[in-house]
Structures are given as structure tokens and as C-alpha cells.
Amino acid sequence: MAQLLDLLVFLIPIYIANSSPVVLGGGAPLDFGRVLHDGERVLGDGKTVRGFIAGTLAGTFAGGLVSLFYLLPFFPNPLTQFTAAFFMSFGTMAGDSFGSFIKRRMHVAPGRPFVLDTILFLIVALAFAAPFASASLFDLPNLLFFAILTLILHPLTNFLANRAGLKNVPW
Ligand code: CTP
Ligand code: MG
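The present account deals with the structure reproduced in this document. (Residues numbered from 1 in each chain as written. Chains lettered and ligands numbered in written order. Predicted model: local features only at pLDDT ≥ 70, side-chain atom pairs only at ≥ 80, totals over all residues. Heavy atoms only, no water.)

## Description of unusual backbone geometry
At Phe32, a position not held by glycine, the phi torsion is positive, near 50 degrees. Unusually for a residue other than glycine, His107 sits at a positive phi of about 60 degrees.

So, in C-alpha cells, the structure goes:
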């Protein structure tokens, strides 16, 4: 496993992108209210244009700040690390929306817990980082660390966001 600090710092844009829409989202839904033949919304009201953009920008900004003073061993230079932060943030939001798409197809309502909620954004974000990162990022111990930490943190942060009044439901 790579240095613990490196793995945690690597995750910053992903986690920032994933969590900021709860605070910064709202307004027009990303699917503009469209319903598919199965009678369900394409994505639902939980995915908004503003949330998608805000999540992407917040994650990119956080990753950009990090790249100014901390070069991760997975990237050759700060600019590549910054570029990766953008793609990882965008990938996080894309994975999050893709998860909602699958949820709606399985008739799971927005806000209801679903296994993909906790991990799909991470998988897509890692895939989006792949073109920029060295292969060592994808060592099995690193992937296990990312997966386990995310599976723990996701319900925990949702619970805390609920207690703080940011979310209606504790998941
Ligand atoms: N959010 C947003 N835009 C996004 C993603 C999230 O505005 N692209 C906001 C919404 O207010 C959403 C909240 O963040 O309700 C929590 O996000 P999430 O748990 O991902 O959405 P859910 O409401 O649970 O909907 P879904 O079942 O589609 O995931
Ligand atoms: Mg949810």
C-alpha cells in the first residue's frame, strides 16, 4: 500500500465533489423532468444541474489547491495532478448520476439507500483518473483501502449531514 497520507490526499477531489452538491445543489433537475418508458424519471429530482456543476468545480478547486503544495507520487507533475482532479471530480458526478439512472430503472426512489450509492462514484472517478495516473495507483491494497474507507465514510457522512439538517434522511 502507498503512504496512507498519499491515498487520503488523492481522495480529496472525489470526496469534495461527492459531498458538496448536498449543500450547493438545487434548481433544475439534470434530466429536466423527463420520464422513460418504465414510468420512472431518467435521473430524478435528486440530481440537479447546479449540483453536478458545483460538485465538479468544488472537487477541481480542492484538487487544484492540493496540487499547488503536495505532489502525489501517482502523478508526474502538478499540472497533470490538477487535470486529473478535474476528471476525477467530473467522473464522481457522472458516476453519481449513473447510479441514480440505475436506481430509477430498478424503481428505487430518490433518497432511498441503495448499494451503488456508496461506491459507484468512486469506481467511475478512479476510471477517469486512470489516463493520468501511474499504474501503481491501482495496486490492489490501494483499491481495497479506497473501497473500505468509502464504504465506511459514506454512511457516516450522510448520517452527520442528516443530523446537521443538510439532508432529510440519514443515508
Ligand atoms: N444533489 C444535487 N445534484 C446532484 C447530486 C446531488 O443537487 N448532481 C443534491 C440533491 O439535493 C440530493 C442531495 O444532493 O437530494 C443528496 O444527493 P444523493 O444522495 O446523491 O441524491 P438522492 O436524493 O439520494 O437521489 P438518488 O436516489 O437519485 O441518488
Ligand atoms: Mg442518496
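After that view, the rundown keeps rolling.
## Details of helix H3 (residues 78-105)
In a regular helix each residue adds 1.5 Å, so 28 residues correspond to 40 Å; H3 covers 40 Å between its end C-alpha atoms and thus fits that length. Following H3 by one or two positions, His107 has its phi on the positive side, about 60 degrees. (Helix = DSSP H or I, 4+ residues; strand = E, 2+ residues; numbered from the N terminus. Expected span 1.5 Å × (residues − 1).)

## Concerning the pattern of salt bridges
Oppositely charged side chains may form a pair once their charged atoms are brought near each other. With the rule as written, the count across this model stands at five salt bridges. For Arg41, the salt bridge is made with Asp31, and the minimal N-O distance between the two is 2.8 Å. On the criterion of sequence distance, the pair formed by Arg41 in the loop between helix H1 (4-24) and helix H2 (49-69) and Asp31 in the loop between H1 and H2 is long-range, its members being 10 residues apart. In terms of burial, Arg41 and Asp31 fall into one category: buried. (Salt bridge = Lys/Arg side-chain N within 4 Å of Asp/Glu carboxyl O. Buried < 20%, exposed > 50% of the residue type's maximum accessible area, 1.4 Å probe, protein only.)

## A closer look at the packing of aromatic side chains
The full count for this structure, using the stated rule, is nine aromatic pairs. Measuring from centroid to centroid gives 5.9 Å for Phe10 and Phe74, while their planes differ by 80 degrees, and the two rings are edge-to-face. On the criterion of sequence distance, the pair formed by Phe10 in helix H1 and Phe74 in the loop between H2 and H3 is long-range, its members being 64 residues apart. Both residues of the pair, Phe10 and Phe74, belong to the buried class. Relative to Phe90, the ring of Phe86 has its centre 6.3 Å away and its plane inclined at 25 degrees; by these criteria the two rings are stacked. With Phe86 and Phe90 both in helix H3 and four residues apart, the pair spans about one turn of that helix. Ring pairs connect the aromatic residues Phe52, Phe86, Phe87, Phe90, Phe128 and Phe132, which therefore count as one cluster. The ring of Phe101 carries the charged tip of Arg105 above its face, separated from the ring centre by 4.9 Å. (Phe/Tyr/Trp six-rings, centres within 6.5 Å; stacked < 30°, edge-to-face > 60°. Lys NZ or Arg CZ within 6 Å of the ring centre and 35° of its normal.)

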